[in-house]
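# Architecture and fold: a report
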Amino acid sequence: MKKRLPGLALCVGIALVATGLGKLLPVVGAPVFGIVIGAIIAAFLKPGAATDAGASWSGKYVLQASVVVFGTGLSIRQVLQTGWHSLPVMLGTLAIALLGAWLIGRALGLDGDVRTLIGVGTGICGASAIAATQSVIRARSADVAYAIGTIFTFNVIAVVTFPFIGRALGMSDHSFGLWAGTAINDTSSVVAASFSFSAAAGAYGIVVKLTRTLMIIPITIALALYKRRQDARAAVAGDTAVDGSAQTPARVSWNRVVPLFLIWFLVAVVVDSLGGIPGSWHPYLSELGSFMITVALAGIGLGTRIGVLRQAGFRPLALGASLWVLVALSSLGLQAVTHTL
């Protein structure tokens with residue numbers, strides 16, 4: 001643990017600065033500042049091996065813990081209150097985001113991990129979904145950093161443009177809240193955009209967004225199973241290459257298929273649904289979760305090498321832009337079809 005303290009302390013310090021900057025510029029948000037400051041420090045100050053252990057630990061375990069904390073703000077009751085009529089829009093935009101990430105990402109020649117991270121970040125809930133997915137697929141820090149940077153870039157654009165577009169289209173509070181909740185990735189950005197439209201739109205947008213966040217569970221479990229299948233195939237191929245005969249891969253324990261933090265995330269949702277978490281705690285838990293994810297992203301930023309990001313080029317950004325437009329338009333289209341526009 002002593003080896004982790006310098007890096008962990010640096011991540012917390014970066015998060016404190018990022019939180020202050022996020023309050024000054026809420027459109028950008030603390031998580032973006034956290035990962036940017038971390039990447040700048042890694043690029044120019046080069047703290048080196050002294051902070052690597054703590055930064056890596058923050059980027060993985062603090063990040064997982066933040067997902068669990070966010071679960072305390074979710075309630076199954078809230079999901080039911082959104083009404084079944086909103087589910088086709090939520091599920092439809094999720095399917096379009098994931099399918100679009102696969103098709104467009106392949107056309108752009110992007111690595112599978114980058115496609116997956118940007119897809120789930122766009123389709124579910126930004127950094128939190130990327131956090132959960134990264135823990136399962138074990139993506140590189142550079143891929144995570146670029147995915148988060150891409151997601152938050154379009155969050156900023158959405159916060160600025162969505163209220164104007166909603167008013168120009170003559171959208172109701174209900175329809176705008178549903179649009180913001182399904183087409184904007186990060187929770188804070190949904191809050192900023194929907195409350196800029198109206199208080200009623202803000203209240204509905206939050207419920208839709210929290211409901212959408214529950215999709216982390218089935219998507220991440222599916223990715224975990226897919227990753228296990230890939231690892232098993234690689235193990236068989238490796239055995240064949242060595243001794244010329246295929247062998248059955250070792251059985252993987254259930255906690256490798258369903259990461260423990262996801263189970264705790266579900267527990268947190270259930271506990272909140274049963275009233276085990278006082279409503280007065282929710283704002284503080286939300287603040288804690290946001291701070292933890294900023295600490296984690298600072299760690300990811302510290303582990304990021306700018307040279308690797310440069311090698312990625314603009315293709316991930318092109319994928320993010322394409323998915324953002326697709327999801328925004330499909331949300332409006334699905335609302336029109338389901339008569340919720």
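This text follows the structure it describes.
The notes below deal with the structure included here. (Residues numbered from 1 in each chain as written. Predicted model: local features only at pLDDT ≥ 70, side-chain atom pairs only at ≥ 80, totals over all residues. Heavy atoms only, no water.)

Okay, the overall build of the chain next. Counting its regular elements, the chain contains 17 helices and 0 strands. Split into buried and exposed, the 341 residues of the chain put 48% on the buried side. Long-range pairs, those at least 24 residues apart, make up 81% of the contacts in the chain with a sequence separation of at least 6. (Helix = DSSP H or I, 4+ residues; strand = E, 2+ residues; numbered from the N terminus. Buried < 20%, exposed > 50% of the residue type's maximum accessible area, 1.4 Å probe, protein only. Contact = heavy atoms within 4.5 Å.)

Our focus in this paragraph is a nonpolar patch on the surface. On the surface, a nonpolar cluster with roughly 430 Å² of combined accessible area is contributed by Leu260, Ile263, Trp264, Val267 and Val271. As for its placement among the helices and strands, Val267 is situated in helix 14 (residues 260-273). (Patch = residues over 30% accessible without salt bridge, like charges linked within 9 Å, V, L, I, M, F, W, Y side chains within 5 Å. Areas by Shrake-Rupley, 256 points an atom, 1.4 Å probe, with all protein chains shown as cover. Salt bridge = Lys/Arg side-chain N within 4 Å of Asp/Glu carboxyl O.)

Here we come to helix 5 (residues 87-108). Since the α-helix turns once every 3.6 residues, residues separated by three or four places project in the same direction. Here helix 5 contains 22 residues, and its C-alpha end-to-end distance of 31 Å stays within 8% of the 32 Å for a straight helix at 1.5 Å per residue. Looking only at helix 5, the buried set comprises Leu87, Val89, Met90, Gly92, Thr93, Leu94, Ala97, Gly100, Ala101 and Gly105. Downstream of helix 5 by a residue or two, Gly109 has a phi angle that is positive, lying close to 75°. (Expected span 1.5 Å × (residues − 1).)

The next thing to look at is the side chain of Ser198. If you trace the backbone, Ser198 turns up in the loop between helix 10 (187-197) and helix 11 (199-213). Residue Ser198 is classed as buried on the basis of its relative accessible area, which comes to 16%. Polar contacts involving the side chain of Ser198 include one to the side chain of Asp173, which spans 2.7 Å. (Polar contact = N/O pair within 3.5 Å; in protein donor to acceptor, adjacent residues only side chain to side chain.)

This part takes up helix 2 (residues 30-45). Helix length check: helix 2 (16 residues) gives 21 Å between terminal C-alpha atoms against 22 Å at 1.5 Å per residue, within 8%. In the stretch just after helix 2, Lys46 is the one whose phi turns positive, near 45°.

On to the nonpolar core. In this structure, Leu117, Ile124, Ile130, Val144, Ile148 and Leu297 are the most contacted members of the largest nonpolar core, which totals 60 residues. Looking at which element gives the most residues to this core, the answer is helix 15 (residues 282-302), with 9 residues. Contact partners of Leu117, with chain neighbours within four places excluded, come to Ile130, Thr133, Gln134, Ile137, Ala139, Asp143, Val144 and Ala147. Grouped together as the second largest cluster of nonpolar side chains are 18 residues, Trp179, Ile184, Ala201 and Ala328 included. (Core = buried A, V, L, I, M, F, W, Y, C linked by side-chain atoms within 4.5 Å.)

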